[in-house]
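Coordinate analysis (summary)
If you want the building blocks of each chain, they are given just below.
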Amino acid sequence: KDMRLFSKVFDDGGNIPTKFTFDVGEATLPISWEGIPSDTKSLVLVCDDPDADVGTWGHWVLFNIPTSMTHLPERAMDFPEGVRVGKNQLSRREYASTEPRDGMNRYFFSLYALDCELELADGTCKKEILQAIEGHVIDDAQLMGFYEKVSRERKELG
């Protein structure tokens with residue numbers, strides 16, 4: 001596999017900085033990718049928390065990302081024409097930053113290279129998007145980061 005997903009603010013398997021969490025704000029993480037197969041027609045990016053107390057919780061889903069894009073900057077809100085934003089677990093078309101209720105949670109960013117563009121509308125839910133990519137994934141890559149919510153007591157103790 002040549003495709004790689006990475007961030008300049010945390011290493012794979014490392015801690016996500018508090019700056020990029022719900023504890024501080026809603027800033028999206030800067031994420032980059034490389035090694036996209038030459039026959040790729042579009043990309044899909046999904047962010048999930050499998051450790052949420054309600055089961056796997058979907059934070060973000062973007063699809064029809066053009067192959068000309070190589071990264072998403074910090075605070076990514078405006079996307080090139082054609083990029084679609086799916087619904088997150090809150091049924092919103094936006095990034096929902098990391099916010100574990102208790103303890104350490106893992107956050108998986110998954111990038112999929114597809115042999116097509118998806119004929120789906122903005123606001124499509126993650127489940128439908130993942131069903132639509134079946135049989136169209138050329139390659140994929142993952143990036144995982146940890147985040148532990150700082151309790152109010154720990155914040156006060158400094």
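The rules behind the values
- Residues numbered from 1 in each chain as written.
- Predicted model: local features only at pLDDT ≥ 70, side-chain atom pairs only at ≥ 80, totals over all residues.
- Heavy atoms only, no water.
- Phe/Tyr/Trp six-rings, centres within 6.5 Å; stacked < 30°, edge-to-face > 60°.
- Helix = DSSP H or I, 4+ residues; strand = E, 2+ residues; numbered from the N terminus.
- Buried < 20%, exposed > 50% of the residue type's maximum accessible area, 1.4 Å probe, protein only.
- Lys NZ or Arg CZ within 6 Å of the ring centre and 35° of its normal.
- Contact = heavy atoms within 4.5 Å.
- Salt bridge = Lys/Arg side-chain N within 4 Å of Asp/Glu carboxyl O.

Once that is clear, we can look at the packing of aromatic side chains. Taken as a whole and assessed by the stated rule, the structure comprises one aromatic pair. Note on Phe10 and Phe109: the rings are 6.4 Å apart at their centroids and 45 degrees apart in plane angle, and the pair reads as tilted. With Phe10 in the loop between β1 (4–6) and β2 (14–15) and Phe109 in strand β8 (residues 104–114), the pair connects residues that are 99 residues apart, well separated along the chain. Classification of Phe10 as buried rests on a relative accessible area of 4%. Looking at Phe109, the relative accessible area reads 0%, which means it is buried. Between Arg4 and the ring centre of Phe6, over which it is positioned, the NZ or CZ distance is 4.1 Å.

One non-glycine residue, Asn64, lies in the positive phi region at around 60 degrees. Looking at the secondary structure, you find Asn64 in strand β5 (residues 57–65).

This brings us to the side chain of Asn64. Asn64 sits in the buried class, given a relative accessible area of 8%. Every residue in contact with Asn64, bar those within four places of it in the chain, is listed here: Ser42, Leu43, Gly82, Val83, Arg84, Glu117 and Leu118.

The full count for this structure, using the stated rule, is two salt bridges. The salt bridge involving Glu34 is made with Arg4; its shortest N-O contact spans 3.0 Å. In this pair, Glu34 is assigned in strand β3 (residues 31–34) and Arg4 in strand β1, connecting sequence segments 30 residues apart. Taking the relative accessible area as the measure of exposure, Glu34 reaches 39% and is therefore partly exposed. Classification of Arg4 as partly exposed rests on a relative accessible area of 40%. Residues Lys126 and Asp48 are paired through a salt bridge, measuring 2.8 Å at the closest nitrogen-oxygen approach. Here the residue Lys126 occupies a position in helix α1 (residues 126–133), and Asp48 occupies one in strand β4 (residues 42–49), the gap between them amounting to 78 residues. For the pair Lys126 and Asp48, one class covers both residues: buried.

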